[in-house]
Every structure is written in structure tokens, then in C-alpha cells.
Amino acid sequence: MAFGKKNQAEVKEEDTKIWVCSSEDCNCWMRDNFRTNNDKKCPMCGSDMEEENKVLQVVENNSLYYKSQS
């Protein structure tokens, strides 16, 4: 018998485009598919954001705003 073992779903990860704050004092970053506009300024501190890629868990953005921008 195996107690406490659950069938866990496989976590899907993929190379994801993200935007990272360029300020040394800010650690803000966001997924590209969760941006609400094309402004390349950090929403936390106002510094420029730089495009990078990072392997992240797949998260779908189902918001109506994102779909209307695509």
C-alpha cells in the first residue's frame, strides 16, 4: 500500500518571452503575454524594461484584453 502518494500532473515548461526591469533596485519582471500595453516602462518604478527569455511553467492568459490585442 502506498499512502499519501497522489498522481501529480506533469508541469509543462517552455522558453517564455519576459520583460525585466533594468533598474538594479527593482526586481520586477512580467511575461510578455500578460502585458497590458506596449509601453516598455516598469509598472513598479518607471525604469526601462528589457526583453529576455526564461524557462517557465506554461500559464495561459485568458483575459479578454489580451485576446483583443493579439
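Residues numbered from 1 in each chain as written. Predicted model: local features only at pLDDT ≥ 70, side-chain atom pairs only at ≥ 80, totals over all residues. Heavy atoms only, no water.

**Student:** So what's going on with the overall build of the chain? Residues and values would help.
**Tutor:** The number of helices and strands found in the chain is one helix and three strands. Taken from the N to the C terminus, the helices and strands of the chain come in the order β-β-β-α. Looking at the chain as shown, the accessible area adds up to about 6,100 Å², and 45% of this sits on carbon and sulfur atoms. (Helix = DSSP H or I, 4+ residues; strand = E, 2+ residues; numbered from the N terminus. Areas by Shrake-Rupley, 256 points an atom, 1.4 Å probe, with all protein chains shown as cover.)

**Student:** Help me get a handle on the sheet that holds strand β1 (residues 13–21), residues and values and all.
**Tutor:** Read across the open sheet, the three strands follow the order β2-β1-β3; overall the sheet is antiparallel. Since the sheet does not close on itself, it has two edges, and those belong to β2 (29–31) and β3 (49–57), each with one partner. Pairwise comparison of adjacent strand axes, ignoring direction, gives a mean angle of 35° for this sheet. The pairing of β1 with β3 spans nine bridges and is antiparallel. Note that in β3 the partner of E13 across the bridge is Q57. (Pairing = 2+ DSSP bridges. Axes fitted to C-alpha atoms, helices over the stretch in contact; angles between N-to-C directions.)

**Student:** Could you give me a rundown of the nonpolar core, with the residues and numbers involved?
**Tutor:** The biggest cluster of nonpolar side chains holds six residues, and these are W19, C21, C26, C28, C42 and M49. The contacts of C28, once residues within four sequence positions are left out, are W19, V20, C21, C42, P43 and M44. (Core = buried A, V, L, I, M, F, W, Y, C linked by side-chain atoms within 4.5 Å. Buried < 20%, exposed > 50% of the residue type's maximum accessible area, 1.4 Å probe, protein only. Contact = heavy atoms within 4.5 Å.)

**Student:** Account for the environment of W29, naming residues and giving values.
**Tutor:** Here W29 lies in strand β2. Sequence separation between W29 and W19 is ten residues; the distance between their C-alpha atoms is 5.4 Å. Ignoring sequence-local partners within four residues, the contact set of W29 consists of I18, W19, V20 and L56.

**Student:** Give me the packing of aromatic side chains: which residues, what numbers.
**Tutor:** This model, assessed by the stated rule, comprises zero aromatic pairs. The ring of W29 carries K54 above its face, with NZ or CZ at 4.9 Å from the centroid. (Phe/Tyr/Trp six-rings, centres within 6.5 Å; stacked < 30°, edge-to-face > 60°. Lys NZ or Arg CZ within 6 Å of the ring centre and 35° of its normal.)

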